[in-house]
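So you can see what is in the structure, the chains are spelled out below.
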Amino acid sequence: MSAVIIDGKAVAQSVREDVAKNVEVLKSKGITPCLAVILVGNNPASVSYVTGKRKALAEVGMNDKSIELEENITEAELLDLIEKLNQDASVHGILVQLPLPKHINEDKVIMAIKPEKDVDGFHPVNVGNMMIGRDGFLPCTPHGIIVLLKTAGIETNGKNAVVIGRSNIVGKPVSVLLSRKDVNCTVTMCHTGTKDLASHTKNADIIVVASGRPHTLTCDMVKDGAVVIDVGVNRIPDSTKKSGFRLIGDSDFDTLKEKCSYITPVPGGVGPMTIAMLMQNTLISAQKIAEQK
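Definitions and limits used
- Every chain is numbered independently, its residues counted from 1 as its sequence is written.
- Since the coordinates come from a predicted model, pLDDT governs what is reported: local features require at least 70, and pairs of side-chain atoms require 80 or more to be given and counted, while whole-chain, interface and lining totals use all residues.
- With hydrogens and water excluded, all non-hydrogen atoms of the structure serve as input to the side-chain values.
- For every residue, the accessible area obtained with a 1.4 Å probe (protein chains only) is divided by the maximum for its type, and the residue is called buried under 20%, exposed over 50%, and partly exposed between those limits.
- Here a helix means four or more residues in a row that DSSP labels H or I, a strand means two or more in a row labelled E, and each is numbered from the N terminus.
- Whether two residues are in contact is decided by their heavy atoms, any of which lying within 4.5 Å being enough.
- Stacked, tilted and edge-to-face pairs are distinguished by plane angle, under 30 degrees for stacked and over 60 for edge-to-face with tilted covering the rest, among Phe, Tyr and Trp rings (Trp via its six-membered ring) whose centres lie within 6.5 Å.
- Think of it as a cone above the ring: NZ of Lys or CZ of Arg counts as a charge over the ring if it is within 6 Å of the ring centre and within 35 degrees of the ring normal.
- Grid spacing is 1 Å over the protein atoms alone, the probe is 1.4 Å, and a cavity is where that probe fits but cannot get out, while a pocket is an open set with protein on both sides within 12 Å along at least five of seven lines and lining residues have an atom within 4 Å of a point.
- Grid points are joined across faces, edges and corners, and a volume is the space filled by probe spheres set on the points.
- Gly is placed with the polar residues, together with every amino acid not listed as nonpolar (Ala, Val, Leu, Ile, Met, Phe, Trp, Tyr, Cys and Pro) or charged (Asp, Glu, Lys and Arg).
- What makes a patch is a set of residues exposed beyond 30% relative accessible area and free of salt bridges, joined within 9 Å when like-charged and within 5 Å when nonpolar (Val, Leu, Ile, Met, Phe, Trp, Tyr).
- Residue exposure ignores everything except the shown protein chains as possible cover, and the areas themselves are Shrake-Rupley values with a 1.4 Å probe.
- Any carboxyl oxygen of Asp or Glu that lies within 4 Å of a side-chain nitrogen of Lys or Arg is treated as forming a salt bridge with it.
- Note on geometry: axes are C-alpha line fits, over the in-contact stretch for helices, and angles between N-to-C directions span 0 to 180 degrees.
- Small angles under 35 degrees read as roughly parallel and large ones over 145 as roughly antiparallel, with 65 to 115 read as roughly perpendicular and the rest as oblique.
- By definition, turning the near helix anticlockwise from the far helix through less than a right angle yields a left-handed crossing, and turning it clockwise yields a right-handed one.

## Section: helix α7 (residues 171-179)
Phase 1 of the analysis: With seven of its nine residues buried, α7 lies for the most part within the structure.
Phase 2 of the analysis: Where α7 is buried, its residues meet α5 (124-132), α6 (140-151), β6 (160-164), β7 (186-190) and β8 (206-209).

## Quick word on the packing of aromatic side chains
Phase 1 of the analysis: Scanning the model with the defined rule gives zero aromatic pairs in all.
Phase 2 of the analysis: Directly above the ring of F137 sits K288, whose terminal nitrogen or CZ lies 5.4 Å from the centroid.

## Observations regarding unusual backbone geometry
Phase 1 of the analysis: Between L98 and the following residue, P99, the backbone shows a cis peptide bond with an omega angle of 0°.
Phase 2 of the analysis: On the secondary structure map, P99 appears in the loop between β5 (93-96) and α4 (106-112).
Phase 3 of the analysis: With an omega of 0°, the peptide bond running from V266 to P267 counts as cis.
Phase 4 of the analysis: The residue P267 is located in the loop between β12 (262-263) and α10 (271-292) in this model.
Phase 5 of the analysis: Backbone geometry places N184, a non-glycine residue, at a positive phi of 70°.
Phase 6 of the analysis: By secondary structure assignment, the location of N184 is in the loop between α7 and β7.
Phase 7 of the analysis: Phi is positive for H215, which is not a glycine, with a value near 60°.
Phase 8 of the analysis: With respect to the helices, strands and loops of the structure, H215 is situated in the loop between β8 and β9 (227-230).

## Description of empty space enclosed by the protein
The gaps left among the atoms become clear once a water-sized probe is rolled over them.
Phase 1 of the analysis: Counted under the stated rule, the structure contains one cavity of 30 Å³ or more.
Phase 2 of the analysis: Quantified by volume, the largest cavity comes out at close to 60 Å³.
Phase 3 of the analysis: Surrounding the largest cavity, I94, L95, V96, L98, V109, I110, I113, D118, D120 and F122 form its lining.
Phase 4 of the analysis: When contributions to the lining of the largest cavity are tallied by element, the ones reaching two or more residues are β5 and α4.
Phase 5 of the analysis: Considering only residue class, the lining of the largest cavity consists of eight nonpolar, no polar and two charged.

## Notes on a nonpolar patch on the surface
Phase 1 of the analysis: Together, Y49, V233 and L247 give the surface a local cluster of nonpolar side chains, amounting to about 260 Å² of exposed area.
Phase 2 of the analysis: Turning to its location among the elements, Y49 is positioned in helix α2 (residues 44-60).

## So, the packing of α6 against α10
Phase 1 of the analysis: The N-to-C vectors of α6 and α10 enclose an angle of 105°; their axes lie 8 Å apart at closest approach. With respect to each other, α6 and α10 are oriented roughly perpendicular. Contacts from C140, T141, H143, G144, V147 and L148 of α6 reach α10 at M273, T274, M277, L278, Q280 and N281.
Phase 2 of the analysis: The residue inventory of the contact of α6 with α10, partitioned by class, reads six nonpolar, six polar and no charged.

## Comments concerning the packing of α6 against α7
Phase 1 of the analysis: Two elements in contact, α6 and α7, have axes separated by 8 Å at closest approach and are oriented at 40°. Taken together, the axis directions place α6 and α7 in an arrangement best described as oblique. Crossing geometry of α6 relative to α7 is assigned as right-handed. Residues P142, H143, I145, I146 and L149 of α6 pack against P173, V174, L177 and L178 of α7.
Phase 2 of the analysis: Each residue belonging to the contact of α6 with α7 can be placed in one class, and the counts come to eight nonpolar, one polar and no charged.

## Some words on the layout of surface pockets
Phase 1 of the analysis: Within this model, the second largest pocket holds a volume of roughly 310 Å³.
Phase 2 of the analysis: What lines the second largest pocket is a set of 20 residues, and nearest its centre among them are P115, E116, K117, S285 and K288.
Phase 3 of the analysis: Elements with a contribution of two residues or more to the lining of the second largest pocket: α3 (75-87), α5 and α10.
Phase 4 of the analysis: Per-element tally for the lining of the second largest pocket: the top contributor is α10, with four residues.
Phase 5 of the analysis: In terms of residue class, the lining of the second largest pocket is built from six nonpolar, eight polar and six charged.

This is the structure in structure tokens:
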């Protein structure tokens, strides 16, 4: 068996094209969706992520109100800036790139963003809405995973899903989305406290691995025909690359692809979906404003 490689780039491109069409519709009504991305400091990974988001904004025709701040900005100054953006009617989405410098409380920053502009889906109001199935912004990476599964035509109804990782950004929310009635999986969440991880993954039809550690999931831990969605992005040294490193996921892709039915690559799998869903959330925010006019 050789797995179908799920092309996250292609699915994300399709989402962005749909968003771009809807942006044109809004522009004809005098509304241009706008996202404010705040970057504090110059963490190389964060700079790279923000660059990708800005590129996507240009591609879909949205306004880009990106703001770069010095690493030593005070927490109070950052919160003041967020409040100004909350009150700015031309801004439809606010995203503060994480992680933040240690002197700034991330929870305070997330709480400061108005839920209706929280296009990351991290505010407790949006998290609560997701939990009980009410309308609200879904977190981008978990939502992107669900879109990948549906687009690939993977049967999820009644399937056993294992999520490895319990972060607020991926693990917890994707567990909730997988268990919703429109997906309808039976979900097991595993983490660093799980004993005998393989005993859970061997029974799984679908495995989402978001542990942040290379080779968390190996070939001997999955059954034939399982679906593997790899959220991990890990840099490992590689002298053959110009950069001196290459990216790998949290699973052993090379061996798993010979045993799974479907698998996402790293890079080019889940990653592109995160930005695509961010564009979709910003569009939804602008559409809600248009409906109120």
